[in-house]
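# Working through the structure, step by step
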Amino acid sequence: MCAGQVGAAACAILVGPDAPLRFERERVTHIVDRWDFYKPIGWPTMAPIVDGPGSIDVYFSCMDACQRQITQRVGYANNVEDHDYLVYHLGSGPKFVKHCFERTVANAYHDSQEGKKKGRRSLVVSASQQDHTFDAKVAPSLVLASRIGPMHTVSTYTAFLSLVITVREALLGKQILAFSYGSGAASTIWRIRVDALPTVTWDKHAQLDGRRKHRALAVEAAIRVMAPKGTTPPLKTAAAKSS
């Protein structure tokens, strides 16, 4: 079982006038043709073919292009300084987002990372300053992901929800820069201004706690059912004990 290595989430968003989260006019989409994560026709398994290092390279190249073009289109001097929060597609997890942020800082301060296959820290901004900015502007969006695990399409929107329920009223009037990505590859960067707090279930952590306990009990029941006759399965699974 690999329950600890994958996550799952879904979201529903109501789009309309006078929304609490207001999309700004300028946005950029960048699309390329890459074979980094795919299933051939007739592929017999659920798992896709993944070029791990290649997929990271494509992600970074799309992010670089989107950030460069949104800066030019809006006329910003610096994507990091000119936004209150930054939200990213999750990729493999929060640690990967930290690398994305470091690359964003390097691009923003003209210590260009474009063409380099791995994200790395800017040489212009100190490591301590980057860590402080990450904790303030990015980390609140990763609280839910740190519990749920890696997600695909929905991860950017889960990050938005995490940001809302973590920062709450302090988010009012703030501007957020968001980057969404899908292998293959297509990516979009856009900006949202928070005019009011949306209607959400605020105590998501209580929901996750309840579902974790339910999942642990379901796993325990499955172990009992599948145990060979004449054997005694464990009374508690590791997941049940931890809950």
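Residues numbered from 1 in each chain as written. Predicted model: local features only at pLDDT ≥ 70, side-chain atom pairs only at ≥ 80, totals over all residues. Heavy atoms only, no water.

### Considerations on the overall build of the protein
Across its full length, the protein carries seven helices and six strands. Listing every helix and strand of the protein by position from the N terminus yields β-β-β-α-β-α-α-α-α-β-β-α-α. Per-residue burial for the protein yields a buried fraction of 37% across its 243 residues. Taking the intrachain contacts of the protein between residues at least 6 apart in sequence as the baseline, contacts between residues at least 24 apart amount to 64%. Carbon and sulfur atoms make up 58% of the accessible area of the protein, which amounts to about 14000 Å² in all. (Helix = DSSP H or I, 4+ residues; strand = E, 2+ residues; numbered from the N terminus. Buried < 20%, exposed > 50% of the residue type's maximum accessible area, 1.4 Å probe, protein only. Contact = heavy atoms within 4.5 Å. Areas by Shrake-Rupley, 256 points an atom, 1.4 Å probe, with all protein chains shown as cover.)

### Looking at the pattern of salt bridges
Enumeration over the complete set of coordinates arrives at six salt bridges. Here Arg22 makes a salt bridge to Asp195, at a shortest N to O gap of 2.8 Å. Separated by 173 residues along the polypeptide, Arg22 in strand S1 (residues 21-31) and Asp195 in the loop between strand S6 (186-194) and helix H6 (204-226) bring together distant segments of the chain. Note on Asp195: relative accessible area 40%, which makes it partly exposed. The residue Glu26 makes a salt bridge to Arg191 at a minimum N-O spacing of 2.3 Å. With a gap of 165 residues between them, Glu26 in strand S1 and Arg191 in strand S6 connect regions that are remote in the sequence. (Salt bridge = Lys/Arg side-chain N within 4 Å of Asp/Glu carboxyl O.)

### Things to note about the packing of aromatic side chains
Scanning the model with the defined rule gives ten aromatic pairs in all. Seen from their ring centres, Tyr59 and Phe96 are 4.9 Å apart, and the 80° between their planes marks the pair as edge-to-face. Here the residue Tyr59 occupies a position in helix H1 (residues 52-74), and Phe96 occupies one in helix H2 (residues 94-108), the gap between them amounting to 37 residues. A single burial state applies to Tyr59 and to Phe96, both of which are buried. Plain terms: the ring middles of Tyr157 and Trp190 are 6.3 Å apart, the flat faces sit at 25° to each other, and that makes the pair stacked. Taken together, the residues Tyr157 in helix H5 (residues 155-167) and Trp190 in strand S6 connect sequence positions 33 residues apart. Overall, Tyr157 belongs to the partly exposed group, its relative accessible area being 31%. In this structure an aromatic cluster arises from ring pairing among Tyr59, Phe60, Phe96, Phe179 and Tyr181. (Phe/Tyr/Trp six-rings, centres within 6.5 Å; stacked < 30°, edge-to-face > 60°.)

### Observations concerning the environment of Ser92
Mapped onto the fold, Ser92 is located in the loop between strand S4 (85-88) and H2. It is 9.2 Å that separates the C-alpha atoms of Ser92 and Val6, two residues lying 86 residues apart in sequence.

### Comments concerning the nonpolar core
In terms of nonpolar packing, the biggest core is built from 34 residues, with Tyr59, Tyr88, Val138 and Phe179 touching the most fellow members. Put simply, the parts of the chain that give this core at least two residues each are H1, S4, H2, helix H4 (143-148) and strand S5 (175-182). Looking at this core, the element that brings in the most residues is H1, giving seven residues. Beyond its immediate stretch of four places on either side in the chain, Tyr88 contacts Tyr59, Met63, Gln67, Val97, Cys100, Phe101, Thr104, Val138, Thr156, Ala159 and Phe179. Formed by 13 residues, the second largest nonpolar core is a distinct cluster that contains Phe160, Val167, Ile176 and Trp190. (Core = buried A, V, L, I, M, F, W, Y, C linked by side-chain atoms within 4.5 Å.)

### Observations regarding unusual backbone geometry
Outside of glycine, negative phi angles account for most residues, and trans bonds account for most peptide bonds. Following Gly184, the chain continues to Ala185 via a peptide bond in cis, the omega torsion being 10°. By the secondary structure assignment, Ala185 is in the loop between S5 and S6. With phi around 55°, Arg168 is a residue other than glycine that occupies positive phi space. Within the secondary structure, Arg168 sits in the loop between H5 and S5.

### Some details on the side chain of His83
Positionally, His83 belongs in the loop between H1 and S4. Separated by 2.8 Å, the side chain of His83 and the backbone oxygen of Asn79 make a polar contact. Not counting the four nearest positions on each side in its chain, His83 is found in contact with Tyr76, Lys137, Gln175, Ile176, Leu177 and Arg191. (Polar contact = N/O pair within 3.5 Å; in protein donor to acceptor, adjacent residues only side chain to side chain.)

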